[in-house]
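Here's the letter readout for the chains.
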Protein chains: 2
Amino acid sequence: MKAKQFFVFIFGLVLWFSPVPDGLTLQAWHLFSIFISIILAVIIQAFPIFTASIIGLSFSILTHTLEPKEAYGGFSQSFILLIIVAFLIARGVIKSGLGKRIAFLIIKRFGKSSLGLGYSIIAADMFIAPAFPSNTARSGVLFPIVNALAADSGSKVADGTRKKLGAYLMMTSMAGITISSAMWLTAMAANPAGVKMAAEFGINITFGSWTLAAFLPTLLAFVAIPWVLFKIFPPQIKQTPDAPEIAKKELEHMGGVHKNEYIMGFTFIAMLTLWVLSPIFGFDKTAVAFLGLGAIMISKIFTLDDLAHEGRALGTLIWFGILYSMSSELNHLGFMSWLGSHISDFVVGYSWINVYLMLVIAYVFIHYFFVSQTAQMLALFSVFLGVGIDAGVPAQLLAFMLLFATNFNAMITPQGSSANVIYLGSGYIKSNEVYKFGGIITLLNTLIYLVFGSFWIVAVV
Amino acid sequence: MKAKQFFVFIFGLVLWFSPVPDGLTLQAWHLFSIFISIILAVIIQAFPIFTASIIGLSFSILTHTLEPKEAYGGFSQSFILLIIVAFLIARGVIKSGLGKRIAFLIIKRFGKSSLGLGYSIIAADMFIAPAFPSNTARSGVLFPIVNALAADSGSKVADGTRKKLGAYLMMTSMAGITISSAMWLTAMAANPAGVKMAAEFGINITFGSWTLAAFLPTLLAFVAIPWVLFKIFPPQIKQTPDAPEIAKKELEHMGGVHKNEYIMGFTFIAMLTLWVLSPIFGFDKTAVAFLGLGAIMISKIFTLDDLAHEGRALGTLIWFGILYSMSSELNHLGFMSWLGSHISDFVVGYSWINVYLMLVIAYVFIHYFFVSQTAQMLALFSVFLGVGIDAGVPAQLLAFMLLFATNFNAMITPQGSSANVIYLGSGYIKSNEVYKFGGIITLLNTLIYLVFGSFWIVAVV
């Protein structure tokens, strides 16, 4: 066992046997010790996220900190299964040739530089976001295209060339989702829930006022993100002056749209239609995805042999399911509200501007412990909003900022959003890279929204 | 779409819109229509079991026949996850070299013929069964050895040589588990539950009386099964006179036990110990398996790259989880008890011997609809036992026979036992082969236990 691995075990043991802080149960503390040890293990690269998660899971069950039923509950969560199915469908998009075609069309238009590709991906995301109330589903649409873009530019995981282009594009698209979700009231599942919770404080937010409030900071973040990642997490291929011409030739070479591309395209459009209609007919999004997977299996675009090579998706299901279960149990056991109340106590007596800054920053960083954006909103949004209003922070300003923060902090950990999980599952990005560069993007987002966004909101809304 | 596939859809639609039988809800009838269509699709090979299951799943959710929460519930069942983890650990047993070594030791001793190997596998199973109260866990022990036996004899799935030897050995071991579970009170999780339910009818069954009652029919089945499968599902390699000598040389070539074999062996023994102790300390068996998996990942016997090639395990989790959820919802919706009560009505007025035969045979074949042996026992054992006693069937005879049937009917479908699922996941056996040859073995078992077993039980117990 390596020194780092040994260190994580010692760290976990010391926490486990440390005195339990006032206001927490022993069980909550024990679960926290395990959870934070897993996260530490991933950050310092003692273990991969899968290994750390299964070891943490077995400890939590064998010590009776978690009941098996609670611990395994994540595996049957609809939104987690959606990630897994989206994964398999993405393989179909690539295999059918449709992914290649769309990728070449994008390269033909924007492909002169890696940076140009980065911007074009986020622009596409922004454009489709208002019609996608699930950022998981949206990442399921974007991911296969980004994946094809990378693979067709000669950057693949299997041959060790992930850093040529793919890693950068994946990281950029993942970062893009944090801001495309903040841009529109309907771009993330929890946004309307937050609006409803704000209404209970007398704060009225509409689709229009949300869009207006989000406009400037989101635009700035849009301009900044691809460029910043290009500097700190650069692709090895930077300029690709010949790429548009090559793409054009490849498209000519591909000829007319093939039968499998039509089937894949039709399946995809049918899925999108059902997803958009899902709130009206009460369709479960994951069941729609399973139906789409069934369709491409009937037409042999995706086969059982293909499935046999998708073990990575199983790994994703397992580690994400485990972390989700642990995080929601931490919430049930009162750990999250305990943390929230400590923050409330802490801000008493400061000026409203300081309280505002502290609350938003704390809200952003607490996401370290949450595996679901929706869960964080449900657990903490009202608490934080109430504390702030009591301390004199303008209600609407704080409400908007916390709503945006629920989205723009999503990249702080690999498990911070189910969209991240899809990108990570590709193998192009390592989890410790998310902790690092996702952390930097979260800082960048926080700075942009907090500084420019605050003045903008006060001025225009 | 092929004719067979079209036929399944028409079959499902006709059932769906048929008048609902008295005593059933519309929902139960709709779920039954979907469930039986999936099974039909697999039997006639219209779809593979994975494809049929995901299409059935999406229909059942999109038509609101099942709620997503119910439909996905199977994915977080501890015993289903145990199958998946056992699968990954089996890969570790092979990779470490330990599987090879054990396989060569068996070949050296019994390897002169494929039939000899078949007998030696079931004998080993019988021998360890009383200490394994979970047949899933037991199949997790046997499977990697059978897998190594097959692979090291040059019979592999990947190169199309599964029928040389592997398919026969897998089918034989799967059949062996149906009778090793019937042999001992402690060889299957539901056996003690059944004994307890029998006690409520005043029937006293002990470990000793169970063993005595099971002895003769199990012995006969043990003699018959490898030979019958050898005739109806023959391996292409029949005589292997040189195999023991080759195995001996290979063992010499392997030299001393390697470090990874020690680690794997130690991990395995530790897992077995924790499994055996699990009832005392309340350890969840699956958590123990996750810990074992963690251990072989820390020691790099099983790596994330290995995991990436285990997509088949994901497929298994999905189809088995779906069928399990559907089957247990059919039970909750009263379908199973409705079926049971129709059988009760049917047997009124017959002589006790006829009632006995009808009840046992019905109990065996109803397993077609059950995905869990335990679920069938909980749903139907008491009903059937009560009906029989009322009709004058000797209570102890019927109780024993239903308890044995709970085990010996397990091979009637691919999903009839979680042990089957592990073997199927290997790819050596196709699901439609289980319907055929597993069906024949179930008939054979029924004949042996019902004819010889009945006289034996009446004579000795």
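On a predicted model such as this, the values are computed, not experimentally measured, just so you know.

### Describing the interface of chain B and chain A
Move 1: On the chain A side, the residues contacting the 48 residues of chain B number 47 residues.
Move 2: Of the roughly 3900 Å² buried between chain B and chain A, counting both surfaces, carbon and sulfur atoms make up 81%.
Move 3: The interface formed by chain B and chain A contains zero salt bridges.
Move 4: If you look at where chain B meets chain A, you find nine residue pairs in polar contact (both at pLDDT 80 or more).
Move 5: Those elements that provide at least two residues to the side of chain B that touches chain A are α1 (3-17), α3 (49-62), α5 (78-96), α14 (285-298), α15 (304-308) and α16 (311-332) of chain B.
Move 6: In terms of residue class, the side of chain B that touches chain A is built from 32 nonpolar, 13 polar and three charged.

### Thoughts on the relation of the copies chain B and chain A
Move 1: Note on the copies: chain B fits chain A at an RMSD of 0.1 Å, the axial shift is 0.1 Å, and the rotation between them is 180 degrees. Overall, the copies show the geometry of a two-fold rotation axis. Across chain B, the smallest distance between a C-alpha and the rotation axis is recorded for B:G311, namely 1.8 Å.

### A short note on the packing of helix α17 (residues 335-347) of chain B against helix α18 (residues 352-366) of chain B
All names here are of chain B.
Move 1: α18 packs onto α17 with a crossing angle of 160 degrees between their chain directions and a minimal axis gap of 11 Å. Classed by the angle they form, the pair α17 and α18 counts as roughly antiparallel. In the crossing of α17 with α18, the sense of the turn from one axis to the other is right-handed. Judged by residue contacts, L339, I343, F346 and V347 of α17 engage V355, M358, L359, A362 and I366 from α18.

### Quick look at the domain arrangement of chain A
When the parts of a complex come together, some accessible area is lost, and that lost area is often taken as the interface size.
Move 1: In terms of domain boundaries, chain A breaks down into domain 1 (1-71) and domain 2 (76-189 + 207-313).
Move 2: Computed over C-alpha atoms only, the centres of domain 1 of chain A and domain 2 of chain A are separated by 34 Å.

### Here's the deal with the confidence of the model for chain A
Residues and elements named next belong to chain A.
Move 1: With 100% of its residues at a pLDDT of at least 70, chain A reaches an overall mean of 90.
Move 2: Looking over chain A, one finds the lowest element-wise mean pLDDT in helix α17 (residues 335-347), namely 82, and the highest in helix α20 (residues 395-408), namely 97.
Move 3: Confidence estimates for the predicted assembly give a pTM of 0.83 and an ipTM of 0.82.

### So, the nonpolar core
Move 1: If you look at the biggest cluster of nonpolar residues, it comprises 350 residues, and the most contacted ones within it are A:I89, A:L293, B:I89 and B:L293.
Move 2: Discounting chain neighbours no more than four positions away, the residues touching A:I89 are A:M264, A:F268, A:M271, A:A289, A:G292, A:L293 and A:I296.

### A few points about helix α19 (residues 373-390) of chain A
Residues and elements named next belong to chain A.
Move 1: In a regular helix each residue adds 1.5 Å, so 18 residues correspond to 26 Å; α19 covers 25 Å between its end C-alpha atoms and thus fits that length.
Move 2: Of all the bends in α19, the greatest measures close to 45 degrees and is centred on L380.
Move 3: All of the buried residues in α19 are Q373, Q376, M377, A379, L380, F381, F384, L385, G386, V387 and G388.
Move 4: On its buried side, α19 packs onto α8 (135-152), α10 (190-199), α16 (311-332), α17, α18 (352-366) and α20.
Move 5: Remark: G392 follows α19 within two positions and exhibits a positive phi of approximately 95 degrees.

### Quick look at the side chain of A:S53
Residue and element names in this part refer to chain A.
Move 1: Following the sequence through the fold, S53 ends up in helix α3 (residues 49-62).
Move 2: There is a polar contact of 2.6 Å between the side chain of S53 and the backbone oxygen of I49.
Move 3: The contacts of S53, once residues within four sequence positions are left out, are I38, W319, I322 and L323.

### Looking at a nonpolar patch on the surface
Residues and elements named next belong to chain A.
Move 1: Together, W352, I353, L357, I361, F365 and L443 make up a nonpolar patch on the protein surface, roughly 500 Å² of accessible area in all.
Move 2: In terms of residue count, the dominant contributor to the nonpolar patch is α18 (five residues).
Move 3: Within the secondary structure, W352 sits in helix α18.
Move 4: What makes W352 partly exposed here is its relative accessible area of 34%.

### Here we look at the packing of aromatic side chains
Residue and element names in this part refer to chain A.
Move 1: All told, the structure shown has 54 aromatic pairs over all chains when counted by the stated rule.
Move 2: Geometrically, the ring pair formed by W319 and F320 is edge-to-face, given 5.9 Å between the ring centres and 80 degrees between the ring planes.
Move 3: Three or more aromatic residues joined by ring pairs form one cluster here, namely W29, F32, F335, W338 and F369.
Move 4: The side chain of R109 reaches across the aromatic face of F110, ending 5.2 Å from its centre.

Calculation criteria
Residues numbered from 1 in each chain as written. Chains lettered and ligands numbered in written order. Predicted model: local features only at pLDDT ≥ 70, side-chain atom pairs only at ≥ 80, totals over all residues. Heavy atoms only, no water. Contact = heavy atoms within 4.5 Å. Buried area = accessible area lost by both parts, 1.4 Å probe. Salt bridge = Lys/Arg side-chain N within 4 Å of Asp/Glu carboxyl O. Polar contact = N/O pair within 3.5 Å; in protein donor to acceptor, adjacent residues only side chain to side chain. Helix = DSSP H or I, 4+ residues; strand = E, 2+ residues; numbered from the N terminus. Nonpolar A, V, L, I, M, F, W, Y, C, P; charged D, E, K, R; others polar. Least-squares fit on C-alpha atoms with pLDDT ≥ 70 in both. Axes fitted to C-alpha atoms, helices over the stretch in contact; angles between N-to-C directions. Parallel < 35°, antiparallel > 145°, perpendicular 65-115°, else oblique. Left-handed = near helix turned anticlockwise from the far one by under 90°. Domains from an automatic or database assignment. pLDDT = per-residue confidence, 0-100. Core = buried A, V, L, I, M, F, W, Y, C linked by side-chain atoms within 4.5 Å. Buried < 20%, exposed > 50% of the residue type's maximum accessible area, 1.4 Å probe, protein only. Expected span 1.5 Å × (residues − 1). Bend = angle between axes of the 7 residues up to and from the residue. Patch = residues over 30% accessible without salt bridge, like charges linked within 9 Å, V, L, I, M, F, W, Y side chains within 5 Å. Areas by Shrake-Rupley, 256 points an atom, 1.4 Å probe, with all protein chains shown as cover. Phe/Tyr/Trp six-rings, centres within 6.5 Å; stacked < 30°, edge-to-face > 60°. Lys NZ or Arg CZ within 6 Å of the ring centre and 35° of its normal.

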